[in-house]
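Residue strings, one per chain:
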Amino acid sequence: MNIQMKRIYRFSVFFLAVFLLCSILPALAASQSFRTTVLFTHDLHSHFLPQEDGEGGESGGYARLKTVLDRERASHPNALTLDGGDFSIGSLIQTLYTSQGAELRTMGALGYDAATVGNHEFDHTGTGFAEMLNAVSVSGDKAPALLMANYKPAADHPDKLDIQRAMAAYGVQDYMILERGGITYGIFGLMGVDSDSCAPSSGFSLGDMAENAQRCVDALKAEGAQFIICLSHAGTNEKKKLSEDELLAEKVSGIDLIVSGHTHTTLPEPIEVNGAYIVSAGPYCENLGSITIQWKADGSKTLTDYRLIPIDETLPEDEDITLMVERWKGLVGGSYLGRYGLSYDEVLTRTGFDLSTPKAGVQEGNALGELIADSFLWAVEHLEADSPDGPTVTVTADGVLRASLPAGEITTSMAFDVLSMGVGSDGTSGFPLVGVYLTGKELKAAAEVDASVTPLMPAAQLYMAGIEYSFNTHRMFFNRVTDIQLVREEQRTEPAPVVGGEEPNGEYGYTVTQTDRSYSELNDAQLYRVVTGMYSAQMLGTVKSKSMGLLSLEPKMADGTPVTNFEACILRDENGNEIKEWYALAAYLQSFGEEGLPYRYAKPDGRKNVSRSWNPIELLKSPSWITLVALVVLIAVLALTAFAVRWVHYARKRRRYGKGTRW
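Quantities reported herein were computed from a predicted structural model and do not represent experimental measurements. (Residues numbered from 1 in each chain as written. Predicted model: local features only at pLDDT ≥ 70, side-chain atom pairs only at ≥ 80, totals over all residues. Heavy atoms only, no water.)

Participant: In this structure, what is going on with the overall build of the chain? I would like to understand it.
Facilitator: The helix and strand inventory of the chain stands at 18 helices and 26 strands. By residue count, 52% of the 663 residues in the chain fall in the buried class. If you take every contact in the chain between residues at least 6 apart in sequence, the share linking residues at least 24 apart comes to 77%. (Helix = DSSP H or I, 4+ residues; strand = E, 2+ residues; numbered from the N terminus. Buried < 20%, exposed > 50% of the residue type's maximum accessible area, 1.4 Å probe, protein only. Contact = heavy atoms within 4.5 Å.)

Okay, here's the thing in structure tokens:
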């Protein structure tokens, strides 16, 4: 073989090898297997410290969370740590939100890679959110990346530029590329529709979830991302049409994993939709979620491990995080609680029984809700300066009750946890109490909201003081209330009865409060004062839309004119300070002192009487026009049905016997 032929032969062999290699490489790449582990939380709500779980144990706490994170990272050194939003608002340490940014700085110490925002990050408005970002930036402490793809300052926000500067200084992005363990991850964050509706004072505009998600997915893949993760504060729901993250996964192609927050869901198994795994670990640092996925470049995925790891009393606390949290507690005592003359762990009173938050969607009385409504009434009588004469009705709602009060000592921080939402016009944490006026007819409508809207919107369940009412859950919607009247209480405190040589309500020697009640009818046209928290008061105006226009509540001033500025209705003490919801509860609890909480709060006292009777008389008495219209429609349907059945029967007879057949 001559030299020329040898060259041709070598070139041919080389070309063939290159051709074969180019043909095989894509197949090899497609078959190459990768492994991804993601550690995740959502809805932490400032739960820096453990809380009693109502079963004799404890749940949560960031020092214990750090212990679990360290263990998981030892087993999965390339794991990502991510959060689905609402990392703030839920404990006294939230009072440092705007001044210290304690939540994000602690998450940085815990080793979080990225997080998105939730509605509660805007409880201090968009401006407060910016102040928090600035506080974190100035501190120089490590903090997670913050991702917000579809939530931006509104064009007409007066502080838009300041908010944008704060977001830029912190480094807030739509999405990020993260290299870890030889894999390129693309991560982006979203705000949900319901979540945005729960942040009415954010001053931010919501962009379409699906459009922005697809934009982020396409951009991340163009930048080389191999595995796409969405941090969504939208949530899931048993009703598919309300399950925003499931709907998102259906509409958007290319998402591999959705960490789903907002609805406080605990998913024992991931939901798989359109190639995306949707995961939720539950709220309040109860669990650390861990998911491991085996995947290939062709998009095929296999779930190899999914766990919800309890954060409980069996875990040791990380010393560094413990010291950090104690420092936050010290700052709270000096900067926030000082004005109230209270300390973080100060014991206000004791209780020999649990007061639990309401069961979602279960229509019944609730002792905790009634205690809080009573505390608002007590605040009107004992804390408010120049409270007006006349009857007052106080209201709280299921949706603002954030924690239970377990048996034992009740501290300042525990009282705050129950009513931890919001911020006042003074810029400090905690919604203030406000006083507005409703007519007697509108008060009846408020009771109807409790009776009729709660099944559709559990957070709307109400607990009141100064009024009693009854309703039947089987009556027609918006005509369920059967009786309502004002009540005035006179209380007598007597020693608890001794049964078998022991007090009936635990180790503490509590007293029993006997209550004498006098009743009066509501006048439809008369104005009555209603005291509630700022958030609940603002929600009164939404009743018309929630009830499809069948109910209407318009908060008014004492002269009957509509409320245009709720800040003008804030209750204030003799020094002009706002009376916060949580402080009304704390002061009321403190009023019981060493004697402890009266035994009458061990169970609901009957001020809300819920019937589930099918008795026809009870179902149809005092019908409203809604019930009458429904009855007319029902009778018409039954008549038409009877006519149709008779006509079909007649037609069959005619076919069988001929035209001479008569009806």
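Alright, that's what it looks like, and here's the rest.
Participant: Please explain the packing of helix α5 (residues 125–139) against helix α6 (residues 160–170) as it appears in this structure.
Facilitator: In helix packing, the relevant descriptors are the interaxial angle and the interaxial distance, both defined with respect to the helix axes. Taken N-terminus to C-terminus, the directions of α5 and α6 make an angle of 30°; their axes are 9 Å apart at the nearest point. When the axis of α5 is compared with that of α6, the two are roughly parallel. By crossing handedness, the relation of α5 to α6 is classed as left-handed. Contact with α5, carried on its side by G126, T127, F129, A130, L133, N134, V136 and S137, involves D162, I163, A166, M167, A169 and Y170 of α6 and no other residues of that element. (Axes fitted to C-alpha atoms, helices over the stretch in contact; angles between N-to-C directions. Parallel < 35°, antiparallel > 145°, perpendicular 65-115°, else oblique. Left-handed = near helix turned anticlockwise from the far one by under 90°.)

Participant: Honestly, the sheet that holds strand β5 (residues 114–116) in this entry has me stumped. Any pointers?
Facilitator: Spatially, six strands are ordered β6-β5-β4-β1-β15-β16 in an open sheet, and the strand pairing comes out mixed. Since the sheet does not close on itself, it has two edges, and those belong to β6 (145–147) and β16 (301–310), each with one partner. Here the average twist between neighbouring strands, direction ignored, is 25°. Relative to strand β15 (residues 287–296), strand β1 (residues 33–41) runs antiparallel, the two being bridged by eight bridges. Across the sheet, T37 pairs through a bridge with T292, a residue of β15. Its contacts with the sheet put helix α2 (residues 62–75) on β1, β4 (80–83), β15 and β16, and the angle it makes with β15 is roughly 20°. (Pairing = 2+ DSSP bridges.)

Participant: Help me understand the packing of aromatic side chains in this model?
Facilitator: Aromatic rings in a pair are described by how distant their centres are and how their planes are angled relative to each other. If you walk through the whole model with that rule in mind, you get 23 aromatic pairs. Summarising the aromatic geometry, the rings of F122 and F129 are spaced 4.7 Å apart at their centres and angled 40° between planes, so their arrangement reads as tilted. In this structure F122 comes out as buried when scored by relative accessible area, which is 1%. Looking at F129, the relative accessible area reads 0%, which means it is buried. Measuring from ring centre to ring centre gives 6.3 Å for Y469 and F471, while their planes differ by 20°; the resulting arrangement is stacked. Taken together, Y336, Y340, F416, W582 and Y583 form an aromatic cluster joined through their ring pairs. The ring of W328 carries R327 above its face, with NZ or CZ at 4.6 Å from the centroid. Directly above the aromatic system of F477 lies the positively charged group of R480, at a separation of 4.2 Å from the ring centroid. (Phe/Tyr/Trp six-rings, centres within 6.5 Å; stacked < 30°, edge-to-face > 60°. Lys NZ or Arg CZ within 6 Å of the ring centre and 35° of its normal.)

Participant: What am I meant to see in the pattern of salt bridges here?
Facilitator: Opposite charge on two side chains allows them to pair when their charged atoms are near. According to the stated counting rule, one finds 26 salt bridges in the structure shown. In this structure, R165 engages D162 in a salt bridge whose closest nitrogen and oxygen atoms are separated by 2.9 Å. In this pair, R165 and D162 are both assigned in helix α6, three residues apart and thus about one turn of the helix distant. A residue is classified by how much of its surface remains accessible, and R165, at 52% relative accessible area, is exposed. On the basis of relative accessible area, D162 is assigned to the partly exposed category, the value being 45%. The shortest N-O distance in the salt bridge between E250 and K240 comes to 2.7 Å. Of this pair, E250 sits in helix α9 (residues 244–251) while K240 sits in the loop between β11 (227–233) and α9, and the two are 10 residues apart along the sequence. Given a relative accessible area of 43%, E250 falls into the partly exposed group. Taken together, the salt bridges that share partners define one network made up of E370, D374, R600, D605 and R607. (Salt bridge = Lys/Arg side-chain N within 4 Å of Asp/Glu carboxyl O.)

Participant: Help me understand the sheet that holds strand β9 (residues 183–191) in this model?
Facilitator: In sheet architecture, strand pairing relies on hydrogen bonds along the backbone and comes in two forms, parallel and antiparallel. Sheet architecture is open: six strands sit in the order β8-β9-β11-β12-β14-β13, paired in mixed fashion. The open sheet terminates on both sides in strands that have one partner only, identified here as β8 (175–180) and β13 (271–273). Across the sheet, the axes of successive neighbouring strands diverge by a mean angle of 25°, strand direction being ignored. Bridge count for strand β12 (residues 257–260) against strand β14 (residues 276–279) is three bridges, and the pairing is parallel. Across the sheet, the residue bridging to V259 is V279, located in β14.

Participant: Quick question: what am I supposed to make of helix α11 (residues 367–382) here?
Facilitator: Along an α-helix, residues three or four apart share an orientation, since each turn contains 3.6 residues. Between its first and last C-alpha atoms α11 spans 22 Å; for 16 residues at 1.5 Å apiece the expected length is 22 Å, and the two agree. By the criterion of burial, α11 is predominantly enclosed, with 13 of the 16 residues buried. Between the side-chain oxygen at the start of α11 and the backbone nitrogen of L368 there is a gap of 3.1 Å, and the oxygen is on N366. (Expected span 1.5 Å × (residues − 1). Polar contact = N/O pair within 3.5 Å; in protein donor to acceptor, adjacent residues only side chain to side chain.)

Participant: In this structure, what is going on with the pairing of strand β22 (residues 467–472)? I would like to understand it.
Facilitator: The side chains of a regular strand alternate between both faces of the sheet. Counted residue by residue, β22 has six buried out of six residues, so it is predominantly covered. The side-chain alternation of β22 yields two buried faces, one formed by I467, Y469 and F471 and the other by E468, S470 and N472. Relative to strand β26 (residues 608–611), β22 is paired through four bridges, and the arrangement is parallel. Bridge assignment links F471 to a residue of β26, and that residue is V610.

Participant: Hey, could you run me through the nonpolar core in this one?
Facilitator: Soluble, globular proteins show a tendency: their nonpolar side chains are buried together. Ranked by internal contacts, the top residues of the largest apolar core, which has 130 residues, are F129, L133, L146, L371 and W582. Excluding its chain neighbours within four sequence positions, the residues that come into contact with L371 are L355, L405, L585, Y588, L589, L597 and Y601. Residues L82, A145, I229 and Y306 belong to the second largest nonpolar core, which totals 26 residues. (Core = buried A, V, L, I, M, F, W, Y, C linked by side-chain atoms within 4.5 Å.)

Participant: Help me out: how do you make sense of the packing of α2 against helix α4 (residues 102–110) in this one?
Facilitator: For the pair α2 and α4, the least separation of the axes is 10 Å and the interaxial angle reads 30°. Here Y62, L65, K66, L69 and R73 of α2 come into contact with α4, specifically with T106, A109 and L110. Looking at the contact of α2 with α4, its residues break down into five nonpolar, one polar and two charged. (Nonpolar A, V, L, I, M, F, W, Y, C, P; charged D, E, K, R; others polar.)

Participant: Is there a simple way to think about a negative patch on the surface in this case?
Facilitator: Negative charge collects at one region of the surface, where E52, D53, E55, E313 and D354 lie side by side. Mapping D354 onto the fold places it in the loop between β17 (347–351) and α11. (Patch = residues over 30% accessible without salt bridge, like charges linked within 9 Å, V, L, I, M, F, W, Y side chains within 5 Å. Areas by Shrake-Rupley, 256 points an atom, 1.4 Å probe, with all protein chains shown as cover. Lys, Arg positive; Asp, Glu negative; His and termini not counted. Charge placed at Lys NZ, Arg CZ, Asp CG, Glu CD.)

Participant: Mind showing me how you'd approach the side chain of D43 here?
Facilitator: Inspection of the secondary structure puts D43 in the loop between β1 and β2 (51–52). Buried D43, no salt bridge; nearest opposite-charge side chain is R402, N-O distance 6.7 Å. Engagement of the side chain of D43 in a polar contact is seen with the side chain of H42, the distance being 2.8 Å. Once residues lying within four places of it in the same chain are set aside, the contact partners of D43 are G85, D86, H233, G261, H262, H264, P283 and Y284.

Participant: So what exactly am I meant to see when it comes to the side chain of K556 here?
Facilitator: Residue placement: K556 occurs in the loop between α15 (543–546) and α16 (581–590). There is a polar contact of 2.8 Å between the side chain of K556 and the backbone oxygen of E554. In this structure K556 touches V436, Y437, T439, E442, L527, T561, P562 and V563, once residues within four positions along its chain are discounted.

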